[in-house]
Amino acid sequence: MACRSCKDGVILMPFSHQVGGHAGMLKYNDATVCKPLNPRELLFYQSLPEDMVHFMPEYRGTIDVCVEEQHDGSLYLRAYPCFQMVTRGSCSPNSSGEGVDSDESAEDASCCSNSPQTSRKHHHKSLYHSKRKSSCMVLVSRNGSVCLNESTESDGLFEDHSTGSGLSMSCNPWGLHCHHRQVTKMRRDQKNHKFILLENVTSQLQYPCIMDLKMGSRTYSDDFSVEKRKAHIAKAEATTSATLGMRICGMQVYNSETGKFMCRNKYYGRRLSKDGLMKGLRDFLHNGHRVRTELIPHIIHKLQELIHLVSQQNCLRFYSSSLLIMYEGHTGLSGDNNGDSMDLKRDPSVDIKMIDFANTYHKGCKNSSNTAVHNGPDTGYMYGLENLVQMLEKLTVKSERLKDVGSSSSSGCSSSGQAMAHSV
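From a predicted model like this one, the values you see are computed outputs, not experimental measurements.

Re the overall build of the chain
Part 1 of the reasoning: The secondary structure content of the chain amounts to 10 helices and 15 strands.
Part 2 of the reasoning: The buried share of the chain, taken over its 424 residues, is 53%.
Part 3 of the reasoning: Put simply, 77% of the contacts in the chain that link residues at least 6 apart link residues at least 24 apart.
Part 4 of the reasoning: Summed over its atoms, the accessible surface of the chain is roughly 19,600 Å², and 50% of this surface lies on carbon and sulfur atoms.

Given below as structure tokens:
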């Protein structure tokens, strides 16, 4: 299928760091990603509470995306018209989101070309992106099936630890899975698709370690069918969603020993018990040498701030949404390794973001066929956040105890050695 002619259209590539979700995330440029547009999610981004803006990706408008098939059988996803920045100040519940003009529109338009470029406003030099360039093409076979054809200038940095295969890839394996499924569907639909443009929340991290947590003890929306509700309830009861208000939906961790990302998907998270989730958190903070306990106070500080904000919201329900916990995996790029002198509010190497609002309920949610009205804060979401804080605090204590035991053991060996030397 060919889309309408647009010389300035941007070829979209799979987003390298997608660890969870259903729809494939695509890279527009280094600062911006895009995903299939969901009307309810779009409305939420256009009308979200101002005090929660800091915890969500910046909404940057919408684009049309189509599939282009080349003579060699390769498929491209191309975005058009040219991207124009939409700032939160210019968004309103009544806006169409169709690339609203801003003072920076002329400059932002210059980022469009035949391949993804970074606008000057958001240009970020990344050691990871500059030294580890890779690409993933999608090919159509003679029988009509769609497959991925990876090419990379270096060994694959992403190792799949969910299946036990340990295969190395140039992108996160789950992201490639989502991309394959999405391109297949779009090619079959034979039509243009609307996508939403969002801030790439990993753009300031060169080796981003990311955990995707599905938050809340309830994961179904008000307008789900009875059958779909039952399926979600059963899934929650079979996982840590019911008991802890959260479950792991994917993660990637940079191992400084191997120089690769260890990747796990949602099926790994579904198998975990409470103790397993605690181990998952520990693995997420382990860099191959040690557990990076110095990051935990910064994560907890942000979580407590988010708990306070959620407690102040009325009528908002974040059903089936996710929380991303992110930090810089390369210790040489993440500031003070001990963490003692870092400002809890200003550490740029640690961040958390709320994402995926397709099932979020809020005032003005006009596309919902259900008329249910929710009052007060989302207690199920808060329950998950509070349990996450408690588990991180326990992880800190446990790690410090192990560190003390190791120090005592080392000290004991040294004293014993000295005693033996004197006796000789």
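Past the structure itself, the notes keep going.
Overview of the pattern of salt bridges
Part 1 of the reasoning: Counted under the stated rule, the structure contains 13 salt bridges.
Part 2 of the reasoning: Between Lys35 and Asp356 there is a salt bridge, and its shortest N-O distance comes to 3.0 Å. Residue Lys35 is located in strand 3 (residues 32–36), and its partner Asp356 is located in the loop between strand 15 (350–355) and helix 10 (379–423); the two are separated by 321 residues in the primary sequence.
Part 3 of the reasoning: Within this structure, Lys35, Glu41 and Asp356 form a network of salt bridges that share partners.

Some thoughts on helix 4 (residues 173–189)
Part 1 of the reasoning: The end-to-end C-alpha separation of helix 4 is 25 Å, in line with the 24 Å expected for 17 residues at 1.5 Å each.
Part 2 of the reasoning: Of the residues making up helix 4, those classed as buried are Pro173, Trp174, Gly175, Leu176, Cys178, His179, Gln182, Val183 and Met186.
Part 3 of the reasoning: Looking at where helix 4 begins, the residue whose side-chain oxygen comes 3.0 Å from the main-chain nitrogen of Trp174 is Asn172.
Part 4 of the reasoning: In the stretch just after helix 4, Gln190 is the one whose phi turns positive, near 55°.

Observations concerning the environment of Thr32
Part 1 of the reasoning: Mapping Thr32 onto the fold places it in strand 3.
Part 2 of the reasoning: It is 9.6 Å that separates the C-alpha atoms of Thr32 and Tyr59, two residues lying 27 residues apart in sequence.
Part 3 of the reasoning: Among the polar contacts listed, one links the side chain of Thr32 to the side chain of Arg60, at a separation of 2.9 Å.

Brief notes about the packing of aromatic side chains
We describe a pair of aromatic rings using the distance from one ring centre to the other and the angle between the two ring planes.
Part 1 of the reasoning: Under the criterion given, the structure shown has 12 aromatic pairs.
Part 2 of the reasoning: With centroids separated by 5.5 Å and ring planes inclined at 80°, the aromatic side chains of Tyr45 and Phe357 adopt a geometry described as edge-to-face. Here Phe357 lies in the loop between strand 15 and helix 10 and Tyr45 lies in helix 1 (residues 39–47), a separation of 312 residues in the sequence.
Part 3 of the reasoning: When its relative accessible area of 4% is taken as the criterion, Tyr45 is described as buried.
Part 4 of the reasoning: Centre to centre, the rings of Phe284 and Tyr327 are 5.2 Å apart; their planes meet at 75°, and the pair counts as edge-to-face. Taken together, the positions of Phe284 in helix 8 (residues 274–284) and Tyr327 in strand 14 (residues 322–328) put the pair 43 residues apart, joining distant regions of the chain.
Part 5 of the reasoning: Of the residues examined, Tyr327 reaches a relative accessible area of 1% and is grouped as buried.
Part 6 of the reasoning: Members of the aromatic cluster, each reached through a chain of ring pairs, are Phe44, Tyr45, Tyr59, Phe318, Phe357 and Tyr381.

With respect to the environment of His54
Part 1 of the reasoning: Among the secondary structure elements, His54 is positioned in the loop between helix 1 and strand 4 (59–69).
Part 2 of the reasoning: We classify His54 as partly exposed; its relative accessible area is 45%.
Part 3 of the reasoning: Considering only alpha carbons, one finds His54 and Leu306, 252 residues apart in sequence, at a separation of 9.6 Å.

Comments concerning the sheet that holds strand 9 (residues 168–169)
Part 1 of the reasoning: Pairing within the open sheet is mixed, and its seven strands lie in the order 9-8-13-12-11-14-15. Either end of the sheet is taken by a strand with one partner, and the two such strands are strand 9 and strand 15.
Part 2 of the reasoning: Bridge count between strand 8 (residues 158–160) and strand 13 (residues 260–265): three bridges; the pairing is parallel. Each bridged residue has a counterpart across the sheet, and for Phe158 the counterpart in strand 13 is Phe261.

So, the pairing of strand 1 (residues 10–14)
Part 1 of the reasoning: With respect to burial, strand 1 is a largely interior element, five of its five residues being buried.
Part 2 of the reasoning: Sheet topology note: the strand 1/strand 5 (residues 74–80) ladder contains three bridges and is antiparallel. Of the residues in strand 5, the one forming a bridge with Leu12 is Leu77.

Each value, and the rule that gives it
- Residues numbered from 1 in each chain as written.
- Predicted model: local features only at pLDDT ≥ 70, side-chain atom pairs only at ≥ 80, totals over all residues.
- Heavy atoms only, no water.
- Helix = DSSP H or I, 4+ residues; strand = E, 2+ residues; numbered from the N terminus.
- Buried < 20%, exposed > 50% of the residue type's maximum accessible area, 1.4 Å probe, protein only.
- Contact = heavy atoms within 4.5 Å.
- Areas by Shrake-Rupley, 256 points an atom, 1.4 Å probe, with all protein chains shown as cover.
- Salt bridge = Lys/Arg side-chain N within 4 Å of Asp/Glu carboxyl O.
- Expected span 1.5 Å × (residues − 1).
- Polar contact = N/O pair within 3.5 Å; in protein donor to acceptor, adjacent residues only side chain to side chain.
- Phe/Tyr/Trp six-rings, centres within 6.5 Å; stacked < 30°, edge-to-face > 60°.
- Pairing = 2+ DSSP bridges.

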